[in-house]
Amino acid sequence: MPKYKLTYFNFRGRGEVIRLLFAAAKIEYEDVRIEMENWPNEKESGKFPFCQMPILEVDGITIAQSYAIARFLANEFGLAGETNLERAKVDMIADTLEDLVKVIYRVYLENDKNRKEELLKEAVTTKVPSTLAALEKVFIQNDEGFGYLVGDKMTWADLVFLAHTEYYCSEPFKQYGLLNPHAKLRALRERLLGEPRLRRWLNIRPTTDV
Amino acid sequence: MVKYTLTYFEGRGRAEVSRLIFAAAGVKYEDVRIGFDKWPALKTSGRCPFGTLPLLEVDGKAIGQSFAVARFLANETGLAGKTNYEKAQVDMIAYAFKDLGDEMVKFAFESDEAKKAELTKKFLTEIAPKTLSAVEKLLEANNGGKGFFVGKEVSECCMFAK
């Protein structure tokens, strides 16, 4: 049994999809969390190929880039999609949601109050609604959106969706009800929250703001 | 015989990696290049799953997102890496170059001259050297079969930088 070690900040951020993958596959791993103030020192250790986190260490090998890690684990655990075409659909959805979450993160990271409000308004009136609408359309093409985003079993695309939609359910996005127009996506989120292995992780994980 | 249609703008941009994969694999495809004037119509046509290009159409299925397309083609043509670990290494390096490409887009499309100069300088003196030396370290550590795919990424980025 390989020994997995994930190193990331003590946030959900770009680590949470990976943590959800371990949970979904019910695989043990070491969940190392570096506090922000310790990162400058850690960064210089030479352990991080691109001086960034997350990294995954397994069998003496280090993988960087959150989606390279996620896809690697998904492939190892059978959560990547069954055919090359399914895998491509998973990738397409994951990459689209990644583009969208960058918009979300920009709102969180902006310190200037006025600019933050501007970015927030922009996000909730344009990028988020249009992407979610497109996502629901794509979802409905897969078995009318009654199951998972791709194929007929859970893939890491569903986990990306779960991790990212969490931001819509808390401040400052909560008040905009971003998922309200999308019944199928809301139902998917509820289904995923009800999956026992994911539920277990969500109940025990550290609580963080982002 | 599978029929592939790749649709993008005129230019290398986010489609060139896929075009290079077709070329490397010796696989024929329809290389559709549209002018910016044709884009609004295509965008609203519903053919692009998330309203973006490049778009790959194969066997009546549509795939968007440049890396999803590239990885699909690499998997289909055996250019993805042999093991899950090799595939992860390919991904890691591809994402490093994607991040570089995203930084390039920032200054390439910046209209404010002063800001453009600042961003270009930061890219050339800090961001690019850091990423390129990290990638070089990885290549030195393992010049496995994935090297060919990565090699094409390098030349693409160098051409763009020049």
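Shown above is the structure to which this text applies.
Residues numbered from 1 in each chain as written. Chains lettered and ligands numbered in written order. Predicted model: local features only at pLDDT ≥ 70, side-chain atom pairs only at ≥ 80, totals over all residues. Heavy atoms only, no water.

Attention now goes to the overall build of chain B. Counting secondary structure elements, chain B contains six helices and four strands. Per-residue burial over chain B gives 43% buried out of 162 residues. For chain B, the proportion of contacts with a sequence separation of at least 24, taken over those separated by at least 6, is 61%. Element-wise, carbon and sulfur atoms account for 57% of the exposed surface of chain B, whose accessible area totals about 8,600 Å². (Helix = DSSP H or I, 4+ residues; strand = E, 2+ residues; numbered from the N terminus. Buried < 20%, exposed > 50% of the residue type's maximum accessible area, 1.4 Å probe, protein only. Contact = heavy atoms within 4.5 Å. Areas by Shrake-Rupley, 256 points an atom, 1.4 Å probe, with all protein chains shown as cover.)

What follows is about the packing of aromatic side chains. Within the structure shown, the criterion is met by 20 aromatic pairs over all chains. Relative to Tyr-29 of chain B, the ring of Phe-22 of chain B lies with its centre 3.9 Å away and its plane at 10°, an arrangement referred to as stacked. Its relative accessible area of 24% is what places Tyr-29 of chain B among the partly exposed residues. Three or more aromatic residues joined by ring pairs make a cluster, and in this case those are Tyr-8, Phe-9, Phe-11, Trp-39 and Phe-48 of chain A. It is Lys-184 of chain A that lies over the ring of Phe-146 of chain A; its NZ or CZ is 3.6 Å from the centre. (Phe/Tyr/Trp six-rings, centres within 6.5 Å; stacked < 30°, edge-to-face > 60°. Lys NZ or Arg CZ within 6 Å of the ring centre and 35° of its normal.)

Between chain B and chain A, the contact holds 29 residues from the first and 30 residues from the second. Buried surface at the junction of chain B and chain A, both sides included, amounts to about 2,500 Å², of which 65% is carbon and sulfur. Among the ionic pairs, Asp-102 of chain B bridges to Lys-102 of chain A, the shortest N-O distance being 3.8 Å. Our count for the chain B to chain A interface comes out at eight residue pairs in polar contact (both at pLDDT 80 or more). Listed by contribution, the elements that provide at least two residues to the side of chain B that touches chain A are strand 4 (61-64), helix 3 (66-77), helix 4 (84-108) and helix 5 (113-141) of chain B. Residue contributions to the side of chain B that touches chain A peak at eleven residues, all from helix 4 of chain B. Per-class residue counts for the side of chain B that touches chain A are 15 nonpolar, five polar and nine charged. (Buried area = accessible area lost by both parts, 1.4 Å probe. Salt bridge = Lys/Arg side-chain N within 4 Å of Asp/Glu carboxyl O. Polar contact = N/O pair within 3.5 Å; in protein donor to acceptor, adjacent residues only side chain to side chain. Nonpolar A, V, L, I, M, F, W, Y, C, P; charged D, E, K, R; others polar.)

Let us look at the sheet that holds strand 3 (residues 55-58) of chain A. All names here are of chain A. The four strands are arranged 2-1-3-4 in an open sheet whose pairing can be described as mixed. At either end of the open sheet lies a strand with only one pairing partner, and these are strand 2 (30-34) and strand 4 (61-64). Neighbour to neighbour, the strand axes of the sheet diverge by 20° on average, direction disregarded. In the packing of helix 3 (residues 66-77) onto the sheet, the strands contacted are strand 1 (4-9), strand 3 and strand 4, and the crossing angle to strand 4 comes to about 120°. (Pairing = 2+ DSSP bridges. Axes fitted to C-alpha atoms, helices over the stretch in contact; angles between N-to-C directions.)

Residues and elements named next belong to chain A. Direction vectors running N to C along helix 4 (residues 84-109) and helix 5 (residues 113-140) enclose 165°, while the axes themselves pass 9 Å from each other. In this view, helix 4 runs roughly antiparallel relative to helix 5, as classed from their interaxial angle. The handedness of the crossing between helix 4 and helix 5 is left-handed. In contact with Ile-93, Thr-96, Leu-97, Leu-100, Val-103, Ile-104, Arg-106, Val-107 and Tyr-108 of helix 4, helix 5 contributes Lys-116, Leu-119, Leu-120, Ala-123, Lys-127, Val-128, Thr-131, Leu-135 and Val-138. Partitioning the contact of helix 4 with helix 5 into residue classes produces 13 nonpolar, two polar and three charged. (Parallel < 35°, antiparallel > 145°, perpendicular 65-115°, else oblique. Left-handed = near helix turned anticlockwise from the far one by under 90°.)

Let us look at the pairing of strand 4 of chain B. All names here are of chain B. Pairing between strand 3 (residues 55-58) and strand 4: four bridges, direction antiparallel. The partner of Leu-55 across the bridge, within strand 4, is Gly-64. What sits between the antiparallel neighbours strand 3 and strand 4 is a turn of two residues, in which Asp-59 has the positive phi angle 50°.

Glancing now at helix 3 of chain B. Because each turn of an α-helix spans 3.6 residues, side chains separated by three or four positions end up pointing in the same direction. All names here are of chain B. The first and last C-alpha atoms of helix 3 sit 16 Å apart over twelve residues, in line with the 16 Å expected at 1.5 Å per residue. Taken across its twelve residues, helix 3 has nine buried, putting it largely inside the fold. Looking at helix 3, one finds that the buried residues are Ser-66, Phe-67, Ala-68, Val-69, Ala-70, Arg-71, Phe-72, Leu-73 and Ala-74. (Expected span 1.5 Å × (residues − 1).)

Another point: the sheet that holds strand 4 of chain B. Residue and element names in this part refer to chain B. Judged by pairing direction, the sheet is mixed, and its four strands sit side by side in the order 2-1-3-4 without closing on themselves. In the strand order of this sheet, the two ends are held by strand 2 (30-34) and strand 4, each with one partner. Taken pair by pair, the neighbouring strands of this sheet meet at an average axis angle of 20°, ignoring direction. Note: strand 1 (residues 4-9) against strand 3, four bridges, orientation antiparallel. Of the residues in strand 3, the one forming a bridge with Tyr-4 is Val-58.

Residue and element names in this part refer to chain A. All told, the structure shown has 26 salt bridges over all chains when counted by the stated rule. One salt bridge connects Asp-31 with Arg-33, and the closest N-O pair in it is separated by 3.0 Å. For Lys-153, the salt bridge goes to Glu-82, with nearest N and O atoms at 3.3 Å. Of this pair, Lys-153 sits in the loop between helix 5 and helix 6 (156-165) while Glu-82 sits in the loop between helix 3 and helix 4, placing them 71 residues apart in sequence. On the basis of relative accessible area, Lys-153 is assigned to the partly exposed category, the value being 37%. The exposure class of Glu-82 is partly exposed, given its relative accessible area of 48%.

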